[in-house]
Amino acid sequence: VQLQASGGGLVQAGGSLRLSCAASGRTFSSYTMGWFRQAPGKERQFVAHITRSGGSAAYADSVKGRFTISRDNANNTVYLQMNSLKPEDTAVYYCAARTAFKVVSYSDAPSYNYWGQGTQVTVSS
């Protein structure tokens, strides 16, 4: 699976952005999908996860209530709608795919099999 993230940019605090992650291949629906972010000098941080069907999602506490993850299996795409953005949301955002039924938590970055190249999100105060 190859992943291509897009949609990042510069936005003022309180604004919104929608990230997209397009996947190649015909097996997209067999993977659970996650979004992570990495700010300069910091470790990669879990943001959100969605199950294969899109029926269940989970979020980091820092983004809960502001971000929404969704997926369109017909178009091999996962989205991250980001509202009420804060300067501390500034980071490079990565989408990732992992095979289902893993014991390790979906918040564990090394458990993901494939990664996109990242898209920069900058929130100004």
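Here, the structure is the one placed above.
Small disclaimer: the values here were computed from a predicted structure and weren't measured.

A. Expanded view of the sheet that holds strand β1 (residues 3–6). One open sheet accounts for 4 strands, arranged β1-β3-β8-β7; its pairing is antiparallel. With partners counted over all chains shown, the strands left at the sheet margins are β1 and β7 (67–72), one partner each. In this sheet, adjacent strand axes meet at a mean angle of 15° when their direction is disregarded.

B. A look at the packing of aromatic side chains. One pass over the full model with this rule turns up 7 aromatic pairs. Seen from their ring centres, F46 and Y106 are 5.5 Å apart, and the 45° between their planes marks the pair as tilted. With a gap of 60 residues between them, F46 in strand β5 (residues 45–50) and Y106 in the loop between β9 (91–99) and β10 (114–115) connect regions that are remote in the sequence. Between the aromatic rings of Y112 and W115, the centroid separation amounts to 5.9 Å while the plane-to-plane angle is 55°, which identifies the pairing as tilted. A network of ring pairs unites the aromatic residues F36, F46, Y94, Y106, Y112 and W115 as a single cluster. Above the ring of W115, the side-chain terminus of R44 is found at 4.7 Å from the ring centroid. Note that R98 overlies the ring of Y112, its terminal NZ or CZ placed 5.6 Å from the centroid.

Conventions adopted
Residues numbered from 1 in each chain as written. Predicted model: local features only at pLDDT ≥ 70, side-chain atom pairs only at ≥ 80, totals over all residues. Heavy atoms only, no water. Pairing = 2+ DSSP bridges. Helix = DSSP H or I, 4+ residues; strand = E, 2+ residues; numbered from the N terminus. Axes fitted to C-alpha atoms, helices over the stretch in contact; angles between N-to-C directions. Phe/Tyr/Trp six-rings, centres within 6.5 Å; stacked < 30°, edge-to-face > 60°. Lys NZ or Arg CZ within 6 Å of the ring centre and 35° of its normal.

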